[in-house]
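Summary of structural features
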Amino acid sequence: MEFLTRTKDYLLGAEAQQSAVYDRQLLLLAIVLMMVGLVMVASASLPEGIALGNDPFMFVKKHVIFLAVSLCAAICVLNVPIAFFERNSVRFLFVAIALLALVLVIGRTVNGSTRWISFGPLNMQPAEFAKFALFTYFSGYLVRQKSLLQESYKGFVNGLLVIAVISALLLFQPDFGSVMVILTTSVALLFIGGAKLVHFMALCVVAILLGVLAVILSPYRMRRITSFLDPWDDPFGSGYQLTQSLMAFGRGSFSGEGLGNSIQKLEYLPEAHTDFVFAILAEELGFLGVCIVLMLQMLLVFKALQIGRRSLEVDQSFAGFLAISVGVWFCFQTLVNVGAASGLLPTKGLTLPLVSYGGSSLLVMSCAVAVLLRIDYEYRAHKVAMVNS
């Protein structure tokens, strides 16, 4: 009996210790992706730094600062209970809407898009915060309006109105890529939350029609579609960026040209260290490097979905929905970024999660990973409490 008692105490003690440890695999995945991003941004941005500031490490220094700030912010978020996000989900949404409206008034315009609010030398992209705020809101909405969503079309329509407001503000910037991410992730959440299949199918039809209409009514979006279908028809015009990206993929072959040996980054491929950093990665590290990075992203997404499923199983509904939304968000944004760089999808201004250069994206996505770690921590604590009770 004494042996059994000691064994039980040991096991409970081990579980208690485990509950106090964050998911180290998820943390390691995020850190490795950040380090890959730092190396690739350093490699891809050297020529751009020399051209713009006569400093080859100009963007590297900024990216290091972004990483430091993002890690500090993530540590702070890690210590915030998930209940705080649930209580303030509506407030987050209103702040996001206010920032999206404000950027249209005082925002800085780059390449025809007004997406940034400047604070001295710092630039903030409200669309990144709006993604997380909307997913937080919808996670709470699914908990509060679960019965209405499952029994009536009103719950579904009310959710769509929120999506419509955020999407309209983003389209005025314009930022069609973020609209796609928000629409896809939000609809996935509504479907998981119990929305009827007929409502889901109707929304898909409406979304496709609106997407087609947005392309037809916008000349620059139409040019992107035509250049995507046949970039070699105008390789020095509308198809220039994609053809240069495809050349990078072609030069990479299986094992790549070697780190730092990219030719396309020598001011041939625009946005080489931001939206098209994956093309430089493919050129320097080859098919092997591409597979490794995609596998890391896939494992991170799988971790997020796994954390969400486990939380839902123990009735931590808000946390479960939020974790799933982060997983779908990372998955779809990776798909769009890689698809655009490889010519599988039309070009969209979306970053590769935790890898591409960009302070706002890195900050928000680092905080999203911290939220996942917190959700997992609270799930483990709940399991230990159940065992002890």
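Structure's up top.
What counts and how
- Residues numbered from 1 in each chain as written.
- Predicted model: local features only at pLDDT ≥ 70, side-chain atom pairs only at ≥ 80, totals over all residues.
- Heavy atoms only, no water.
- Helix = DSSP H or I, 4+ residues; strand = E, 2+ residues; numbered from the N terminus.
- Buried < 20%, exposed > 50% of the residue type's maximum accessible area, 1.4 Å probe, protein only.
- Contact = heavy atoms within 4.5 Å.
- Areas by Shrake-Rupley, 256 points an atom, 1.4 Å probe, with all protein chains shown as cover.
- Core = buried A, V, L, I, M, F, W, Y, C linked by side-chain atoms within 4.5 Å.
- Axes fitted to C-alpha atoms, helices over the stretch in contact; angles between N-to-C directions.
- Parallel < 35°, antiparallel > 145°, perpendicular 65-115°, else oblique.
- Nonpolar A, V, L, I, M, F, W, Y, C, P; charged D, E, K, R; others polar.
- Phe/Tyr/Trp six-rings, centres within 6.5 Å; stacked < 30°, edge-to-face > 60°.
- Salt bridge = Lys/Arg side-chain N within 4 Å of Asp/Glu carboxyl O.

This part is about the overall build of the chain. Along the chain, the regular secondary structure elements total 15 helices and three strands. For the chain, the proportion of its 389 residues judged to be buried stands at 48%. Look at the contacts in the chain between residues 6 or more apart in sequence, and 71% of them connect residues 24 or more apart. Accessible surface, the chain as shown: approximately 18,400 Å² in total, 69% of it carbon and sulfur.

In summary, soluble globular proteins display a tendency toward joint burial of nonpolar side chains. With 88 residues, the main nonpolar core has Trp329, Phe330 and Leu354 as its most contacted residues. Sorting elements by how many residues they give to this core places helix 13 (residues 277-313) first, with 13 residues. If we ignore the near neighbours within four places in the chain, the residues touching Leu354 are Ala30, Leu33, Met34, Gly37, Leu300, Phe330, Leu362, Met365, Ser366 and Val369.

The subject of this paragraph is the packing of helix 8 (residues 153-171) against helix 9 (residues 176-192). Where helix 8 contacts helix 9, the axes come no closer than 9 Å and their chain directions differ by 170 degrees. The angle between the axes of helix 8 and helix 9 places the two elements in the roughly antiparallel class. Each of Phe156, Leu160, Ile163, Ile166, Ser167, Leu170 and Leu171 in helix 8 lies in contact with helix 9, whose residues at this interface are Phe176, Ser178, Val179, Ile182, Leu183, Ser186 and Leu190. Here the contact of helix 8 with helix 9 is built from residues that sort into 11 nonpolar, three polar and no charged.

The description of an aromatic ring pair rests on the distance of the ring centres and on the angle between the ring planes. A full pass over the atoms with the stated rule returns 13 aromatic pairs. Ring geometry for Phe66 and Tyr357: centres 5.5 Å apart, planes at 55 degrees, overall tilted. A residue pair is termed long-range when its members are at least 10 positions apart, and Phe66 in helix 3 (residues 58-78) and Tyr357 in the loop between helix 14 (317-342) and helix 15 (359-388) qualify at 291 residues. Geometrically, the ring pair formed by Phe138 and Tyr141 is edge-to-face, given 6.1 Å between the ring centres and 85 degrees between the ring planes. Placement of the pair is Phe138 and Tyr141 together in helix 6 (residues 126-144), with a separation of three residues, close to one helical turn. Neither Phe138 nor Tyr141 differs from the other in exposure class; each is buried.

A few words now on the pattern of salt bridges. Under the counting rule described, the total for this entry stands at 10 salt bridges. Linking Asp23 and Lys303 is a salt bridge whose minimum nitrogen-to-oxygen distance equals 3.1 Å. Of this pair, Asp23 sits in the loop between helix 1 (2-19) and helix 2 (24-53) while Lys303 sits in helix 13, placing them 280 residues apart in sequence. As far as the burial class goes, Asp23 and Lys303 line up, both buried. The closest approach of N and O atoms between Asp55 and Lys61, which form a salt bridge, is 3.0 Å. For Lys61, a relative accessible area of 48% puts it in the partly exposed group.

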